[in-house]
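Now for the letters of each chain:
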Amino acid sequence: RRYAIPCTQQQYDLWHAFLVAQIGKPYDKVDIARILLDKDWHNKGKWICSELVVAALEVAGIFLLNVLPQFTSRIDPDKAHLSNLLIGHCYFAKG
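Residues numbered from 1 in each chain as written. Predicted model: local features only at pLDDT ≥ 70, side-chain atom pairs only at ≥ 80, totals over all residues. Heavy atoms only, no water.

Re the layout of surface pockets
Of the volumes computed, that of the largest pocket is approximately 470 Å³. Lining the largest pocket we find 20 residues, and of these Y3, I5, V53, L57 and L86 sit closest to its centre. The set of elements that each furnish at least two residues to the lining of the largest pocket consists of α1 (9-21), α3 (49-59) and α4 (77-80). Here the residues of the lining of the largest pocket are counted per class, giving 17 nonpolar, three polar and no charged. (1 Å grid on protein atoms, 1.4 Å probe; cavity = no way out; pocket = protein on both sides within 12 Å on 5 of 7 lines; lining within 4 Å. Points joined across faces, edges and corners; volume = space filled by probe spheres on them. Helix = DSSP H or I, 4+ residues; strand = E, 2+ residues; numbered from the N terminus. Nonpolar A, V, L, I, M, F, W, Y, C, P; charged D, E, K, R; others polar.)

Here we look at the side chain of S50
If you trace the backbone, S50 turns up in helix α3. Excluding anything up to four places from it in sequence, S50 contacts I75, D76 and P77. (Contact = heavy atoms within 4.5 Å.)

Put into structure tokens, the structure is as follows:
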């Protein structure tokens, strides 16, 4: 799936700059186990995909879910799909 989330050019630039700054940071395999155990799994030095997406959007001032800041690191792929920002903005890419 791919999503087209409406944003301003400034939000896009902030989002993109944050993601570029994360290039080379490792995947956090331990986070997967922590998700299953419902533990606090945020580690700024490592990322899992959904965590990186949420963090990048937050830097741009876009919040997927209405949760307190201390809980945004617990947004896993299943929870991210509940966002109103994603509903109606999904398309399936061919190939």
